[in-house]
Amino acid sequence: MNEEPHIGRLIKAELARKGYSITWLAEQLGYSRQNAYKIFSRPWIYTDLLLKICDLLDYDFFKCYSEWWNNKEKE
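Everything in this summary refers to the structure shown in the same document. What you are looking at is a predicted structure, and each value in this text was computed from that prediction instead of being measured. (Residues numbered from 1 in each chain as written. Predicted model: local features only at pLDDT ≥ 70, side-chain atom pairs only at ≥ 80, totals over all residues. Heavy atoms only, no water.)

### Digging into the overall build of the protein
Counting its secondary structure elements, the protein contains five helices and zero strands. Ordered by position in the sequence, the α and β elements of the protein form the string α-α-α-α-α. Structurally, the protein occupies a C-alpha span of about 40 × 20 × 20 Å along its principal axes. Across the 75 residues that make up the protein, the buried fraction comes to 32%. Considering only intrachain contacts with a sequence separation of at least 6, the fraction spanning at least 24 residues in the protein is 61%. Accessible area of the protein: about 5200 Å², with a carbon and sulfur share of 49%. Computing the positive centroid from 11 side-chain charges and the negative centroid from 11, the protein places the two 6 Å apart. (Helix = DSSP H or I, 4+ residues; strand = E, 2+ residues; numbered from the N terminus. Buried < 20%, exposed > 50% of the residue type's maximum accessible area, 1.4 Å probe, protein only. Contact = heavy atoms within 4.5 Å. Areas by Shrake-Rupley, 256 points an atom, 1.4 Å probe, with all protein chains shown as cover. Lys, Arg positive; Asp, Glu negative; His and termini not counted. Charge placed at Lys NZ, Arg CZ, Asp CG, Glu CD.)

Next comes the structure, spelled out in structure tokens:
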């Protein structure tokens, strides 16, 4: 079965891939480092926050959900 994306892990991986620090992300979001770290542990995220992170990292995380949904429908 195709498992639903864990958005926190995906964000953490993309942040590392781009070479950005957690401090950078926290500053961009206006969050404390502690609150930014909490994002990584979440399997879900509010769409407005996800949109902002997509913009910051120049990555379409919504596409991950679309691909998962399309594959789920085929099963």
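### Let's talk about the packing of helix α2 (residues 22–29) against helix α4 (residues 47–57)
Two elements in contact, α2 and α4, have axes separated by 11 Å at closest approach and are oriented at 125°. Between α2 and α4, the crossing angle belongs to the class labelled oblique. Considering only the axes of α2 and α4, their crossing is right-handed. Listed contacts from α4 to W24, L25, Q28 and L29 of α2 are L49, K52, I53, L56 and L57. Residue classes in the contact of α2 with α4 are distributed as seven nonpolar, one polar and one charged. (Axes fitted to C-alpha atoms, helices over the stretch in contact; angles between N-to-C directions. Parallel < 35°, antiparallel > 145°, perpendicular 65-115°, else oblique. Left-handed = near helix turned anticlockwise from the far one by under 90°. Nonpolar A, V, L, I, M, F, W, Y, C, P; charged D, E, K, R; others polar.)

### Some remarks on helix α1 (residues 7–18)
Its twelve residues place the ends of α1 16 Å apart at the C-alpha level, agreeing with the 16 Å of an ideal helix rising 1.5 Å per residue. Among the residues of α1, I7, G8, I11, E14 and L15 are the ones counted as buried. Relative to the axis of α1, the buried residues are bounded by an arc of 130° and lie together on one face. More than 90 degrees from the buried face of α1, the exposed residues found are R9, A16 and R17. Residue G19 follows α1 closely and has a positive phi angle near 80°. (Expected span 1.5 Å × (residues − 1). Arc of directions from axis to C-beta.)

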